[in-house]
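Notes for the structure review
The lines below spell out each chain.
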Amino acid sequence: EPEVTQTPSHQVTQMGQEVILRCVPISNHLYFYWYRQILGQKVEFLVSFYNNEISEKSEIFDDQFSVERPDGSNFTLKIRSTKLEDSAMYFCASGAGTVTYEQYFGPGTRLTVT
Amino acid sequence: ELKVEQNPLFLSMQEGKNYTIYCNYSTTSDRLYWYRQDPGKSLESLFVLLSNGAVKQEGRLMASLDTKARLSTLHITAAVHDLSATYFCAVYLYNNNDMRFGAGTRLTVKP
């Protein structure tokens with residue numbers, strides 16, 4: 001069964017460094033999302049992406065964040081200058097945008113900023 | 001701004017007992033999703049509720065949606081230890097084509 005994959009599974013970085021989190025959505029999906037979950041807390045929406053552009057972003061998704069679909073398969077989240085409070089689990093999701101509008105989540109990348 | 005409120009946030013149950021988790025939301029939507037998350041894991045889709053009055057059942061879990069009351073419930077019947085996890089409801093927003101999550105209900109089922 002097709003699934004969303006994410007790499008790396010765990011990323012440790014120093015404050016102020018740039019990180020890129022990578023996702024491979026399900027191949028025929030058209031809608032892509034990033035969410036984050038700070039340890040023990042709820043899942044928070046960051047950004048949605050469709051037709052090669054951002055369709056919606058939350059207040060969390062400030063100028064430090066950017067997303068890109070550099071080729072036909074990858075979807076990336078870049079954090080330009082990481083802060084301690086960026087430490088969280090980052091989930092990528094994709095959806096076909098049909099009927100159920102269901103989103104399928106990847107396994108997540110645990111980002112630790114030291 | 002959309003609010004999605006779950007209660008309870010923490011639930012400790014004995015095996016064999018029944019209980020209901022509630023999910024209230026503040027905006028119009030007729031698509032409601034329930035996810036399960038085990039510690040350190042991703043989100044596993046449990047139910048997709050697509051219309052008012054929708055009811056779905058899978059094993060010991062049953063979910064329902066009342067769009068007029070803006071309420072969804074997740075009912076647990078005869079709980080077993082394997083159901084211990086955190087359960088999230090999420091509301092679909094048409095304008096943005098994305099979902100907003102509740103805070104989650106951490107369920108612990110004790111022998």
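Refer to the structure printed above.
These notes cover the structure that comes with them. (Residues numbered from 1 in each chain as written. Chains lettered and ligands numbered in written order. Predicted model: local features only at pLDDT ≥ 70, side-chain atom pairs only at ≥ 80, totals over all residues. Heavy atoms only, no water.)

Glancing now at the nonpolar core. Leu 32, Trp 34, Leu 74, Ile 76, Tyr 87 and Leu 107 of chain B are the most contacted members of the largest nonpolar core, which has 26 residues in total. The element best represented in this core is strand β9 (residues 85-93) of chain B, accounting for five residues. Residues within four places of Leu 107 of chain B in sequence aside, it is in contact with Leu 11, Met 13, Ile 76, Leu 83, Ser 84, Ala 85 and Tyr 87 of chain B. In this structure, Cys 23, Phe 32, Phe 49 and Ile 60 of chain A belong to the second largest nonpolar core, which totals 22 residues. (Core = buried A, V, L, I, M, F, W, Y, C linked by side-chain atoms within 4.5 Å. Buried < 20%, exposed > 50% of the residue type's maximum accessible area, 1.4 Å probe, protein only. Helix = DSSP H or I, 4+ residues; strand = E, 2+ residues; numbered from the N terminus. Contact = heavy atoms within 4.5 Å.)

Right, let's talk about the side chain of Thr 105 of chain B for a bit. Residue and element names in this part refer to chain B. Within the secondary structure layout, Thr 105 lies in strand β11 (residues 105-110). Assessed through its relative accessible area of 0%, Thr 105 is described here as buried. Within the local environment of Thr 105, its side chain forms a polar contact with the side chain of Gln 6, the two groups lying 3.1 Å apart. Contact partners of Thr 105, with chain neighbours within four places excluded, come to Gln 6, Pro 8, Leu 9, Leu 11, Ile 21, Ala 85, Thr 86 and Tyr 87. (Polar contact = N/O pair within 3.5 Å; in protein donor to acceptor, adjacent residues only side chain to side chain.)

Turning our eyes to something else, we now look at the sheet that holds strand β8 (residues 71-76) of chain B. Residues and elements named next belong to chain B. Reading across the sheet, the five strands line up as β1-β3-β8-β7-β6 and stay open at both edges, with antiparallel pairing between neighbours. Taken across any chain shown, the strands that pair with only one partner, and hence form the sheet edges, are β1 (4-7) and β6 (55-58). Across this sheet, the average inter-strand angle for adjacent strands is 15°, counted without regard to direction. The sheet contact formed by β6 and strand β7 (residues 61-66) spans four bridges and is antiparallel. Of the residues in β7, the one forming a bridge with Glu 58 is Leu 61. (Pairing = 2+ DSSP bridges. Axes fitted to C-alpha atoms, helices over the stretch in contact; angles between N-to-C directions.)

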